[in-house]
Amino acid sequence: MKTRISSRFKSAVLLAGVIALFPFADAHADNQGDSFTPSLMSPSGQEDVSTLNLRLQTAKKDLEVFRTFAEHFSNGGETKTVAQLQGPLDDYLKKHVDNLLAQAMESSSLDTIRLAAEIMCVKTRLDMILNRAESAKATVADMKKRFAPYQKITVQTPGKTTTLDEVIRQLEEELTKTTFTKK
């Protein structure tokens, strides 16, 4: 009995911590304006590209935290907690990450393109953990389309550095395996 209460308390504290991060993301977005617009770029464009890159790095770290929480709760069999995580995650993706990815695709900076690809990789892994295979497949298809000219760029994934085409191949293999094992 005490273990169950302790486990629920830990889950509640962790979930509250994740949810507590959301106001900071909105505050950051408010400080930066709702979106990055190319018309605000300085003549060199360097300052705004570096700001966009910082925002992309922050979004990548946030998604990694979500992935870690989802993986922890999923591995622990706490499906209710995983389900509760999905709503705030979807809001964060729609309000913040998707806009940043759209802005990144307008950039000609290779670092920005790389960060966008890394974010989409984390997003795919997160969808896989949350058993959202269709969303993960859609993200992989979008990656193939968006990054077709950049397939050989080097990207950072948790634990290793590899090429984007290799990451996409691995994600497709994992999606195929999980789709067949769940049927």
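Chains are numbered independently. Their residues run from 1 in the order of the written sequence. Only residues with pLDDT of 70 or above have their local features reported here, since the model is predicted, and side-chain atom pairs are shown and tallied only from 80 upward, although totals for entire chains, interfaces and linings are computed over all residues. Each side-chain value is worked out from all heavy atoms of the structure, with water and hydrogens disregarded.

1. Describing the overall build of the protein
Applicable threshold: For the purposes of this entry, the term helix denotes a DSSP run of H or I that reaches at least four residues, the term strand denotes a run of E that reaches at least two, and both are numbered from the N terminus. Burial classes follow relative accessibility: with a 1.4 Å probe on protein chains only, a residue under 20% of its type's maximum area counts as buried, one over 50% as exposed, and anything between as partly exposed. Contacts are assigned to residue pairs with any non-hydrogen atoms lying within 4.5 Å of each other. The method behind every accessible area is Shrake-Rupley, applied with a 1.4 Å probe, and residues are considered shielded solely by the protein chains displayed.
Secondary structure summary: the protein contains 6 helices and 2 strands in total. When the helices and strands of the protein are listed from N to C terminus, the series reads α-α-α-α-α-β-β-α. The buried share of the protein, reckoned over its 183 residues, is 39%. If you take every contact in the protein between residues at least 6 apart in sequence, the share linking residues at least 24 apart comes to 67%. Taken as a whole, the protein presents about 10500 Å² of accessible surface, with 56% of it coming from carbon and sulfur.

2. Quick word on the pattern of salt bridges
Basically, it comes down to this: Salt bridge, as used here: a side-chain nitrogen of Lys or Arg that lies within 4 Å of a carboxyl oxygen of Asp or Glu.
By the definition in use, this model includes 14 salt bridges. Among the salt bridges present, the one from D127 reaches R132, with a minimum N-O distance of 3.0 Å. Among the ionic pairs, E173 bridges to R169, the shortest N-O distance being 2.3 Å. Note that E173 and R169 are positioned in helix 6 (residues 164–182) at a spacing of 4 residues, about one turn of the helix. Where salt bridges share partners, they join E64, R67 and E71 into one cluster.

3. Quick word on the confidence of the model for the protein
Short version of the rule: On a range of 0 to 100, pLDDT expresses the predictor's confidence in each residue.
Per-residue confidence for the protein averages 80 on the pLDDT scale, and 72% of its residues sit at or above 70. Taken as a whole, residues 23–44 scores under 50 in pLDDT and shows 18 contacts with residues more than four places along the chain or in a different chain.

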